[in-house]
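Here are the chains, one letter per residue:
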Amino acid sequence: MAEIFEKMEVEFVDQDESVQVVADNIRDTGEVPERYVRSEIKSDPVIIDAEGYNLPVIDMSRLLNPDFSEEETAKLGSACEHWGFFQLVNHGIDVGLLQQIKADITKFFSLPLEEKLAVAIPPNGIEGFGHHFVFSKEQKLDWVDILFLATRPIEQRNLSFWPAKPSTFRDTLDKYSLQLSNVSAQLFKFMANNLGVDQEVFLSTFKGLPQSVRINYYPPCSQADRVLGLSPHTDGVGMTFLLHVNDVEGLQIRKDGKWFSVQAMHGALVVNIGDIIEILTNGRYKSVEHRAVINPNKERITIAAFQSIHLFCKIGPLQELLTADKARYKVMDGVEFTKGYFAAKLEGRRYLESLKLGL
Ligand SMILES: O=C(O)CCC(=O)C(=O)O
Ligand SMILES: [Fe+2]
């Protein structure tokens, strides 16, 4: 993983502050340090309790059942085209394993800071515990502590960043990562069927099913409407699986120019299409901007698993989709894409838009 980021030539600024510690320190005064204050969010249009703003629900057991597969595949395609997001139920991930990963993640974040710093992100690194994507001392910071780890293929793992405490953490994450990659392989195939493209061609971009996880700890903040847990962004990957580790809401999706809050169904995975699939499908499936907001009283914990590309592949609209349509996106290699994505990380869809061809 480290080698990949050397190739990216992206430089990060050291940031060894834990937001959880900042949140504890200001509990009495309520004074949020300036670096976290996001005055722009006050005026953002937000949809509250609007009817019709419910994510589509896709049932994996129906996708896999020959009697219902066609109908459910059409539903999947429609969700990817119109929402870019859906909730996946009956995904087949072991219930006991889900409980275990939630427990292990919660235990990790409740360790004293010194113990979490045993896996701190090193200068100019990307894996480990800390802040992400800090490019300058002036940049505003997200109200979140993260633990970022490469999980697949297994050779890409750097176990020195995998917490040794709690003792079950590594084994649990290993199992979770495998079960999720199986779910992703199945979904990729159903997407290929819906698009009418060759499954092998579609899957070749994701060869080896590269995967990383970003575990997010959002401390509560008494001035929750002045901070952001995660700035608006799209995911620069194939697709993302989000598991709520506790039942606190905070994910918001931009639709029709406004933000709406996702109410995650218990036991479901929230799945979203990333930039790579938007490009491969020539814009038919959408990579939609999302952000995370903060709760004034409760901590929120999530784990996002990113199904990425292998870096040495070519990324561009699939030839099979271009018989009746012009290519709407530039073709480039994985390294070039990822470099550009990281450089523009904090600017919503701007990077993806910049890859569009003026038609
Ligand atoms: O925690 C969330 O709700 C969103 C996480 C996310 O979008 C990400 O990690 O890319
Ligand atoms: Fe995301």
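See the structure printed just above.
Residues numbered from 1 in each chain as written. Chains lettered and ligands numbered in written order. Predicted model: local features only at pLDDT ≥ 70, side-chain atom pairs only at ≥ 80, totals over all residues. Heavy atoms only, no water.

Participant: I would appreciate a short explanation of the pairing of strand β5 (residues 145–152) in the present structure.
Facilitator: Regular strands have side chains that alternate between both faces of the sheet. Burial analysis of β5 places eight of its eight residues in the buried class, which makes it a mostly covered element. Summarising the sheet, strand β4 (residues 128–130) and β5 pair through three bridges and their orientation is antiparallel. The residue bridging Gly128 from the neighbouring strand is Phe148, located in β5. (Buried < 20%, exposed > 50% of the residue type's maximum accessible area, 1.4 Å probe, protein only. Helix = DSSP H or I, 4+ residues; strand = E, 2+ residues; numbered from the N terminus. Pairing = 2+ DSSP bridges.)

Participant: Would you mind going over the side chain of Arg349 with me for this structure?
Facilitator: Tracing the chain through its elements places Arg349 in the loop between α10 (334–343) and α11 (350–354). The exposure class assigned to Arg349 is buried, which follows from its relative accessible area of 18%. Those residues in contact with Arg349 that lie beyond four places of it in its chain are Thr234, Glu278, Ser287, Glu289 and Lys356. (Contact = heavy atoms within 4.5 Å.)

Participant: Would you explain the sheet that holds strand β7 (residues 230–233) in this entry?
Facilitator: Within a sheet, adjacent strands bond to each other through the backbone by hydrogen bonds, running parallel or antiparallel. The sheet built from five strands is open, its strands ordered β1-β10-β9-β12-β7 with mixed pairing. Two strands in the sheet have a free side with no partner beyond their single neighbour: β1 (46–47) and β7.

Participant: Help me understand the coordination of the iron ion (ligand 2), please; the structure alone is not making it clear to me.
Facilitator: Listed as protein donors to the iron ion (ligand 2) are His233 (NE2), Asp235 (OD) and His290 (NE2); their distances from the metal cover 2.1 to 2.3 Å. Within one chain, the residues donating to the iron ion (ligand 2) are spaced in sequence as H-x1-D-x54-H. Of this pair, Asp235 sits in the loop between β7 and β8 (239–244) while His290 is found in strand β12 (residues 290–292), placing the two residues 55 residues apart along the sequence. Residue Asp235 shares its accessibility class with His290, and that shared class is buried. (Donors = N, O, S within 2.8 Å, 3.2 Å for Na, K, Ca; no water.)

Participant: Explanation requested: the site of ligand 1 in the structure shown.
Facilitator: Inspection of the region around ligand 1 gives 13 residues, with Tyr218, His233, His290, Arg300 and Thr302 positioned closest. Between His290 and ligand 1, the recorded distance is 3.1 Å, taken from a side-chain N or O atom to an oxygen atom. Thr302 is positioned with one of its side-chain polar atoms (N or O) 2.8 Å from an oxygen atom of ligand 1. Taking 290 Å² as the accessible area of ligand 1 by itself, protein coverage stands at 97%. (Near = heavy atom within 4 Å. Polar contact = N/O pair within 3.5 Å; in protein donor to acceptor, adjacent residues only side chain to side chain. Areas by Shrake-Rupley, 256 points an atom, 1.4 Å probe, with all protein chains shown as cover.)

Participant: Got a minute to help me understand helix α7 (residues 169–195) in this structure?
Facilitator: Side chains three or four residues apart in an α-helix point the same way, a direct result of the helix having 3.6 residues per turn. A rise of 1.5 Å per residue sets the reference length of α7, with its 27 residues, at 39 Å; its end C-alpha atoms lie 38 Å apart and thus fit the reference within 8%. Phi for Gly196, located one or two positions after α7, is positive at around 75°. (Expected span 1.5 Å × (residues − 1).)

Participant: Teacher, can you tell me more about the packing of aromatic side chains here?
Facilitator: Given two aromatic rings, their pairing is described by the distance between the two centres and the angle made by the two planes. Applying the stated criterion across every chain yields a total of 14 aromatic pairs. Residues Phe109 and Tyr217 carry aromatic rings whose centres are separated by 5.2 Å and whose planes lie at 25° to one another, so their mutual orientation is stacked. Of the two residues, Phe109 is situated in helix α5 (residues 95–109) and Tyr217 in strand β6 (residues 211–218); the sequence distance between them amounts to 108 residues. Both residues of the pair, Phe109 and Tyr217, count as buried. Ring plane angle 15° and centroid distance 6.2 Å describe the contact between Phe337 and Tyr341, whose orientation is recorded as stacked. Taken together, the positions of Phe337 and Tyr341, both in helix α10 and four residues apart, correspond to about one turn of that helix. Cluster of aromatic residues (ring-pair linked, three or more members): Phe108, Phe109, Phe129, Phe169 and Tyr217. (Phe/Tyr/Trp six-rings, centres within 6.5 Å; stacked < 30°, edge-to-face > 60°.)

Participant: Looking at this structure, how should I read the pairing of strand β9 (residues 251–255)?
Facilitator: A large share of β9 lies buried, amounting to four of its five residues. Bridge analysis of β9 against strand β10 (residues 258–261) gives four bridges, and the strand direction is antiparallel. Counted as the bridge partner of Lys255 is Lys258 from β10. From the end of β9 to the start of β10, which pair antiparallel, there are two residues, and Asp256 there has a positive phi angle of about 50°.

Participant: I keep staring at the environment of Ser212 and nothing clicks. Help me out?
Facilitator: Examined against the element boundaries, Ser212 turns out to sit in strand β6. Under the relative-accessibility criterion, Ser212 is labelled buried at 7%. Here the alpha-carbon distance between Ser212 and Ala305, two residues 93 residues apart in the chain, equals 5.8 Å. Contacts of Ser212, omitting those with residues within four sequence positions, involve Phe148, Leu149, Ala150, Thr151, Ala304, Ala305, Phe306 and Ser308.

Participant: Would you take a moment to explain the state of the cysteines for this structure?
Facilitator: Defined simply, a disulfide is a covalent bond joining two cysteines at their sulfur atoms. All told, the structure shown has zero disulfides when counted by the stated rule. Among the cysteines around Cys80, which has no disulfide bond, Cys313 carries the closest sulfur, lying 19 Å off. (Disulfide = S-S within 2.5 Å.)

Participant: How should the nonpolar core be read in this particular structure?
Facilitator: The nonpolar side chains of a soluble globular protein tend to be buried with one another. Of all hydrophobic cores here, the largest spans 105 residues; its most connected members are Leu88, Trp143, Tyr176, Leu187, Phe202, Phe241 and Ile303. Tyr176 has contacts with Ile93, Leu97, Leu98, Ile101, Leu243, Leu269 and Ile303, leaving out every residue within four places of it along the chain. (Core = buried A, V, L, I, M, F, W, Y, C linked by side-chain atoms within 4.5 Å.)

Participant: How should I be thinking about helix α4 (residues 69–82) in this particular structure?
Facilitator: When the terminal C-alpha atoms of α4 are compared, their 20 Å separation across 14 residues agrees well with the 20 Å that a helix rising 1.5 Å per residue should span. Among the residues of α4, those classed as buried are Ser69, Glu72, Thr73, Leu76, Gly77, Ala79 and Cys80. Buried positions in α4, seen along its axis, are confined to an arc of 160° and lie on one side of it. Residues of α4 that are exposed and point more than 90 degrees away from the buried face comprise Glu70, Glu71 and His82. Looking one or two places after α4, you find Gly84, whose phi comes out positive at around 70°. (Arc of directions from axis to C-beta.)

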